[in-house]
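The chain contents come next:
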Amino acid sequence: MKVYLFNTEDGLYLGEDFADDAMTGAWSLPAGATAIAPPPCGRREVPVFVAEENRWVLRPFPATRRP
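Everything numeric in this text was worked out from a predicted model, so none of it was measured. (Residues numbered from 1 in each chain as written. Predicted model: local features only at pLDDT ≥ 70, side-chain atom pairs only at ≥ 80, totals over all residues. Heavy atoms only, no water.)

1. Quick look at the overall build of the chain
- Per the secondary structure count, the chain includes one helix and five strands.
- For the chain, the succession of helices and strands along the chain, N to C, is β-β-α-β-β-β.
- Taken over 67 residues, the chain has a buried fraction of 27%.
- The long-range fraction of contacts in the chain, counting pairs at least 24 apart against all pairs at least 6 apart in sequence, stands at 34%.
- In the form shown here, the chain has an accessible surface area of approximately 5,200 Å², with 54% of it arising from carbon and sulfur atoms. (Helix = DSSP H or I, 4+ residues; strand = E, 2+ residues; numbered from the N terminus. Buried < 20%, exposed > 50% of the residue type's maximum accessible area, 1.4 Å probe, protein only. Contact = heavy atoms within 4.5 Å. Areas by Shrake-Rupley, 256 points an atom, 1.4 Å probe, with all protein chains shown as cover.)

2. A few points about the sheet that holds strand β1 (residues 2–6)
- Ordered in space as β2-β1-β3, the three strands form an open sheet in which the pairing is antiparallel. Edge positions in the sheet fall to β2 (13–18) and β3 (33–34), since each of these pairs with one other strand and no more.
- Where β1 meets β3, two bridges bridge the pair, whose relative direction is antiparallel. Directly across from tyrosine 4, in β3, lies its bridge partner threonine 34. (Pairing = 2+ DSSP bridges.)

3. Some points on the pattern of salt bridges
- Inspection of every chain in the model, using the stated rule, returns two salt bridges.
- Put simply, glutamate 16 and lysine 2 hold a salt bridge, and the shortest N to O gap is 3.2 Å. With glutamate 16 in strand β2 and lysine 2 in strand β1, this pair connects stretches of sequence that are 14 residues apart.
- Among the salt bridges present, the one from arginine 55 reaches glutamate 53, with a minimum N-O distance of 2.6 Å.
- For arginine 55, a relative accessible area of 41% corresponds to the partly exposed category. (Salt bridge = Lys/Arg side-chain N within 4 Å of Asp/Glu carboxyl O.)

Given below as structure tokens:
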């Protein structure tokens, strides 16, 4: 099963991986993983998983300054 990884502290999307269904079961995914795919994002957006609501939201990507 494909899982989507996020930082457990701030919910930032980290990428995707595969979890063995026999090892995890449908309802016991590893910490920092969900079976819910993040939404497509535009430029300067980043998906953030809101664990309390079990959903992804899009947040603006912080601008960085060059010296």
